[in-house]
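If you want the building blocks of each chain, they are given just below.
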Amino acid sequence: EVEDLINLLPEDLLSKLVQKGTHIPTHMAEYDLVDINLDVGRRACCWMGNDRVFLSDDENRLVTMEEIDCIVSKLGGFGTDNRAGLEQKLHRISGMCNRKGEVIGLSMRVGRWFEGNAAMLVDLLLGSDKSILILGEPGSGKTTIVREAVRVLASRHNVCVVDTSNEIAGDGDIPHPCIGDARRMMVPSLDAQSSVMVECVQNHTPHIMVIDEIGRPREVEAARTVKQRGVRIIASAHGDLRKLLKNKELRGLVGGVESVTLGDAAAKEEAMRKSNGKANGSFSKTKAQRMGEPTFDVIVEVRRGEKHEWRITRDAKVAVDAILDGQKYKAELRSRDSRLPIVMYDLVEL
């Protein structure tokens, strides 16, 4: 479906993205194109993986306001988060506005769906009832994994997607076929995501709820409420596990962090333990520890540019405790060869 996004562009900006004499995407555009960036008065460019490619070799070929307006007129309309989409397509178009509220720039993110993409998680998806949090930086493929996880789970369970910005199931009232038999609840604005999560549980009795991009404290609390009501959750968030624990707004997803004060004897004992009996006499009387039970049991960490290699922590509680204790934590490194239906496992410390 990359062709649908590319064809929004002016004709003279297509040559580096389509096969000669056609509107069919090149192999690189089909599989490596990440974003197309258009800003008024500047050269149009795209990102192929980590490489910037200018769409015209003419340095004087600049994007015009008329071209931006023409693209915007073909979209489903921008929400309060300045995001829009194409009817029943997975692509995301985000607007940059001036002080008058006029769209003067567009970030056009390619949305993809690959059947079988969640194969490295199928044992955890179908062989357990654990809630799973997928962590990664922007552009690492979290949403693509979530889409396929939804389809796999919906083949056996009542799955409901709480779809912020329609990013999982696409724009329009009818969801994209990539989510299979799952149902989809749209979110009218970012501020409403937490209330839609609770409404989903109260009104539609799902076995499993799926959320893309938990990013605000109210959503963290809503996720905890959903879990306490017996609903399994599959969700994504930005960062990795160590960074998540430093994020005061989101670390409640894995139990939260609190600081406790130790007595002199306990502080000395703790210092000796951490230094393997080689403490130099100085010690801290405060200690960071996990505040409560994690909302998510399993953590999946993905990285940009490593779409065939994921790090899976089966016990979030043990991993969080190890990090707060200044130790490494154990994870499974799962990898695959894109040409073979084989998943390889290895144990690593992170």
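Counting restarts for each chain: residues are numbered from 1 in the order of the written sequence. The predicted nature of this model means local features are confined to residues of pLDDT at least 70 and side-chain atom pairs, given and counted, to a pLDDT of 80 or more, with totals for whole chains, interfaces and linings taken over all residues. The side-chain values count all of the structure's non-hydrogen atoms but skip hydrogen atoms and water molecules.

Draft legend 1. Just the overall build of the chain, in detail. Here a strand is any run of E in DSSP of at least two residues, a helix any run of H or I of at least four, and the numbering for each starts at the N terminus. The helix and strand inventory of the chain stands at 10 helices and 17 strands. In terms of overall dimensions, the chain is globule-like: its C-alpha atoms have a radius of gyration of 23 Å, near the 20 Å expected for 350 residues. Principal-axis analysis of the C-alpha atoms places the extent of the chain at approximately 75 × 50 × 50 Å. Relative to its full complement of 350 residues, the chain shows a buried share of 46%. In the chain, once contacts between residues fewer than 6 apart in sequence are set aside, the share between residues at least 24 apart is 59%. Using the Shrake-Rupley algorithm and a 1.4 Å probe, accessible areas are obtained, with residue cover drawn only from the displayed protein chains. With an accessible surface of roughly 17,600 Å², the chain has 49% of that area assigned to carbon and sulfur atoms. Throughout, radius of gyration means the C-alpha value; the globule benchmark is 2.2 Å times the number of residues raised to the power 0.38. Burial here depends on accessible area, computed with a 1.4 Å probe over protein chains only, as a share of the maximum for the residue type. Under 20% is buried, over 50% is exposed, and the range in between is partly exposed. Residue contacts are counted whenever heavy atoms from the two residues lie within 4.5 Å of one another.

Draft legend 2. Structural detail: a nonpolar patch on the surface. Here a patch means residues that are over 30% exposed by relative accessible area and free of salt bridges, tied together within 9 Å if like-charged and within 5 Å if nonpolar (Val, Leu, Ile, Met, Phe, Trp, Tyr). Throughout this description, the term salt bridge denotes a Lys or Arg side-chain nitrogen within 4 Å of a carboxyl oxygen of Asp or Glu. Residues Val40, Met96 and Ile104 make up a contiguous nonpolar surface patch of about 220 Å² in total accessible area. Owing to a relative accessible area of 34%, valine 40 belongs among the partly exposed residues under this scheme.

Draft legend 3. Fine view of helix 7 (residues 217–228). For a helix, the expected span equals 1.5 Å multiplied by the residue count minus one. Here helix 7 spans 17 Å end to end across 12 residues, near enough to the 16 Å set by a 1.5 Å rise per residue. For helix 7, the complete set of buried residues consists of Glu219, Val220, Ala222, Ala223 and Val226. The arc that holds the buried residues of helix 7, viewed along the axis, is 165 degrees, so those residues lie on one side. Turned more than 90 degrees away from the buried face of helix 7 sit Arg218 and Gln228, all of them exposed. Following helix 7 by one or two positions, glycine 230 adopts a phi angle in the positive range, close to 90 degrees. This arc is taken over the directions from the axis of the helix to the C-beta atoms.

Draft legend 4. Layout of the packing of helix 6 (residues 193–204) against helix 7. Axes here mean lines fitted to C-alpha atoms, for a helix over just the part in contact, with angles spanning 0 to 180 degrees between N-to-C directions. Running from N to C, helix 6 and helix 7 cross one another at 10 degrees; their axes reach a closest spacing of 8 Å. On the basis of their axis angle, the class for helix 6 and helix 7 is roughly parallel. Taking contact as the criterion, the partners of Gln193, Ser194, Met197, Val198 and Val201 in helix 6 are, on helix 7, Arg218, Glu219, Ala222, Ala223 and Val226. A per-class count over the contact of helix 6 with helix 7 returns 6 nonpolar, 2 polar and 2 charged. Any angle that is under 35 degrees is reported as roughly parallel, and any over 145 degrees as roughly antiparallel; angles of 65 to 115 degrees are reported as roughly perpendicular and all others as oblique. As a working rule, the residues Ala, Val, Leu, Ile, Met, Phe, Trp, Tyr, Cys and Pro are called nonpolar, Asp, Glu, Lys and Arg charged, and the rest polar, with Gly in that last group.

Draft legend 5. Structural view of the state of the cysteines. Count a disulfide wherever a pair of cysteine sulfur atoms falls within 2.5 Å. Enumeration over the complete set of coordinates arrives at 0 disulfides. Free cysteine: cysteine 46, not disulfide-bonded; nearest cysteine sulfur from cysteine 45 at 6.9 Å. Looking at cysteine 46, the relative accessible area reads 0%, which means it is buried. Free cysteine cysteine 160: the closest other cysteine sulfur is in cysteine 200, separated by 3.4 Å.

Draft legend 6. Molecular detail of the pairing of strand 3 (residues 51–54). Two strands pair if DSSP finds at least two bridges between them. Looking at chain direction, strand 2 (residues 45–48) and strand 3 are connected through 4 bridges and run antiparallel. Bridge pairing in strand 3 links tryptophan 47 to arginine 52. The antiparallel pairing of strand 2 with strand 3 creates a hairpin that spans 2 residues between the two strands, and glycine 49 there sits at a positive phi of about 65 degrees.

Draft legend 7. Local environment of the side chain of glutamate 301. Looking at the element boundaries, glutamate 301 is found in strand 14 (residues 298–301). No salt bridge is formed by the buried glutamate 301, whose closest oppositely charged neighbour, arginine 303, lies at an N-O distance of 5.9 Å. N or O atoms within 3.5 Å of each other form a polar contact, as long as, within protein, one can give a hydrogen and the other can take it, and as long as residues adjacent in sequence are counted only when both atoms are side-chain atoms. A polar side-chain atom of glutamate 301 sits 3.3 Å from the main-chain amide nitrogen of leucine 241. Engagement of the side chain of glutamate 301 in a polar contact is seen with the side chain of tyrosine 329, the distance being 2.7 Å. Only four residue types enter the tally: Lys and Arg on the positive side, Asp and Glu on the negative side; His and the chain ends are excluded.

Draft legend 8. Layout of the sheet that holds strand 16 (residues 330–336). What the 9 strands build is an open sheet, ordered 9-8-10-11-7-14-15-16-17; its pairing is mixed. In this open sheet, the two strands that pair with only one neighbour each are strand 9 (183–186) and strand 17 (343–349). Strand-to-strand twist in this sheet, taken as the mean axis angle between neighbours without regard to direction, amounts to 20 degrees. For strand 15 (residues 309–313) and strand 16, the ladder comprises 4 bridges, and the chain directions are antiparallel. Residue pairing in the sheet places arginine 311 in a bridge with leucine 333 of strand 16. Its contacts with the sheet put helix 5 (residues 142–154) on strand 7 (132–136), strand 8 (159–163), strand 10 (208–211), strand 11 (232–238) and strand 15, and the angle it makes with strand 11 is roughly 170 degrees.

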